[in-house]
Amino acid sequence: MTIADIVPHLKALHITGLLIWCGALFALPNMMARHDPAIGIADYQRIRRVSHYTYTFVATPAAVIAVIAGTWLILIREVYEPWLYLKLLFVAVLVAFHAWVGRTIVAVAESSGMHRPPAPGLPTGVLCGTILVILTLVLAKPELRGLGIPDWLAEPQGRQLPFDVPSR
């Protein structure tokens, strides 16, 4: 068995992680929109607890698994194409969205009804757009060489790092 033989398993792990992560990111803004103390203290606490647990025990581990599996896929398959760098930029937007959701959940929990999360429409639209761009880049793998991307970003240089890596 070679390292290339695990590529299908890594792809399955990466896609599964992405499905769970993105599904949770779609659900969380809708859950946060229900954070309203006027619905009753018991329901308010239940919604806060479920959104916190969804973020902590579903979305974040799935994000970590998706990113690690995706990184291994890049390294094993040696994909150094311009479309990949653009995809990674939009993955960074997805990570920033994830961080914003976490910050909003904490702000709602710590402000005792003083902080109102935004309506779910705008966050859902941003998430849909980001995911659509990522899927388009991954599935179409467009040729982006005409955009002025330097060659050193598109292919490995085969050089050592400009500094010594400390050993333990």
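Residues numbered from 1 in each chain as written. Predicted model: local features only at pLDDT ≥ 70, side-chain atom pairs only at ≥ 80, totals over all residues. Heavy atoms only, no water.

Novice: Where do I start with the packing of aromatic side chains in this structure?
Specialist: Counted under the stated rule, the structure contains 2 aromatic pairs. Ring geometry for tyrosine 53 and phenylalanine 57: centres 5.6 Å apart, planes at 40°, overall tilted. Of the two residues, tyrosine 53 and phenylalanine 57 are both situated in helix H2 (residues 41-77); the distance of 4 residues between them amounts to about one turn of the helix. The exposure class assigned to phenylalanine 57 is exposed, which follows from its relative accessible area of 59%. Each ring, one from phenylalanine 97 and one from tryptophan 100, has its centre 5.7 Å from the other, and the planes form 40°; the classification is tilted. With phenylalanine 97 and tryptophan 100 both in helix H3 (residues 82-110), this residue pair falls 3 residues apart, about one helical turn. (Phe/Tyr/Trp six-rings, centres within 6.5 Å; stacked < 30°, edge-to-face > 60°. Helix = DSSP H or I, 4+ residues; strand = E, 2+ residues; numbered from the N terminus. Buried < 20%, exposed > 50% of the residue type's maximum accessible area, 1.4 Å probe, protein only.)

Novice: Looking at this structure, how should I read the packing of helix H1 (residues 7-33) against H3?
Specialist: The angle between the axes and the distance between the axes are what describe a pair of packed helices. At a minimum axis distance of 11 Å, the contact between H1 and H3 shows a crossing angle of 40°. By the angle between their axes, H1 is oblique relative to H3. Crossing hand, H1 versus H3: left-handed. Packed against H1, whose contacting residues are His14, Trp21, Cys22, Leu25, Leu28, Pro29 and Met32, the element H3 presents Lys87, Leu94, Val95, Phe97, His98, Trp100, Val101, Thr104 and Ile105 at the interface. (Axes fitted to C-alpha atoms, helices over the stretch in contact; angles between N-to-C directions. Parallel < 35°, antiparallel > 145°, perpendicular 65-115°, else oblique. Left-handed = near helix turned anticlockwise from the far one by under 90°. Contact = heavy atoms within 4.5 Å.)

Novice: Is there a simple way to explain H2 in this structure?
Specialist: Since there are 3.6 residues in each turn of an α-helix, residues three or four apart along the chain are aligned in direction. Counted at 1.5 Å a residue, the expected span for H2 with its 37 residues is 54 Å, and the 52 Å between its end C-alpha atoms agrees. Its axis deflected by about 35° at tyrosine 55, H2 carries its strongest bend there. One or two positions beyond H2, positive phi appears at glutamate 78, with a value near 55°. (Expected span 1.5 Å × (residues − 1). Bend = angle between axes of the 7 residues up to and from the residue.)

Novice: Could you clarify how one ought to interpret unusual backbone geometry in this entry?
Specialist: In terms of backbone geometry, most residues other than glycine have negative phi values and most peptide bonds are trans. Even without being glycine, glutamate 78 reaches a positive phi, approximately 55°. Within the secondary structure, glutamate 78 sits in the loop between H2 and H3. Of note in this structure, lysine 141 is not a glycine but carries a positive phi near 45°. For lysine 141, the location among the structural elements is in the loop between helix H4 (121-140) and helix H5 (151-154). Relative accessible area serves as the criterion here: at 47%, lysine 141 is assigned to the partly exposed category.

Novice: What am I meant to see in a nonpolar patch on the surface here?
Specialist: On the surface, Ile20, Tyr53, Phe57 and Val58 cluster together into a nonpolar patch covering about 390 Å² of accessible area. A per-element tally of the nonpolar patch places H2 first, with 3 residues. Judged by relative accessible area, tyrosine 53 falls into the partly exposed class, the value being 41%. (Patch = residues over 30% accessible without salt bridge, like charges linked within 9 Å, V, L, I, M, F, W, Y side chains within 5 Å. Areas by Shrake-Rupley, 256 points an atom, 1.4 Å probe, with all protein chains shown as cover. Salt bridge = Lys/Arg side-chain N within 4 Å of Asp/Glu carboxyl O.)

Novice: Can you help me understand the packing of H1 against H4 in this one?
Specialist: For the pair H1 and H4, interaxial distance at closest approach is 9 Å and the crossing angle is 165°. With respect to H4, the element H1 is oriented roughly antiparallel. In the packing of H1 onto H4, the handedness of the crossing is left-handed. Packed against H1, whose contacting residues are Cys22, Leu25, Phe26 and Pro29, the element H4 presents Pro123, Thr124, Leu127, Cys128 and Ile131 at the interface. When its residues are assigned to classes, the contact of H1 with H4 shows 8 nonpolar, 1 polar and no charged. (Nonpolar A, V, L, I, M, F, W, Y, C, P; charged D, E, K, R; others polar.)

Novice: Which parts of the structure should I look at to understand the environment of glutamate 78?
Specialist: A relative accessible area of 57% places glutamate 78 in the exposed class. As for glutamate 78 and proline 156, which are separated by 78 residues in sequence, their C-alpha atoms are 8.7 Å apart.

Novice: Before we go on, may I ask you to explain the nonpolar core in this structure?
Specialist: The nonpolar side chains of soluble globular proteins are, as a tendency, buried together. Counting 20 residues, the largest nonpolar core has Trp21, Leu25, Leu28, Leu94, Val101, Ile105 and Leu127 as the members making the most contacts within it. Secondary-structure elements contributing two or more residues to this core are H1, H2, H3 and H4. For this core, the element with the highest residue contribution is H1, accounting for 7 residues. Among residues more than four places away in sequence, those in contact with tryptophan 21 are Ala59, Ala62, Ala63, Ala66, Leu94, Val95 and His98. (Core = buried A, V, L, I, M, F, W, Y, C linked by side-chain atoms within 4.5 Å.)

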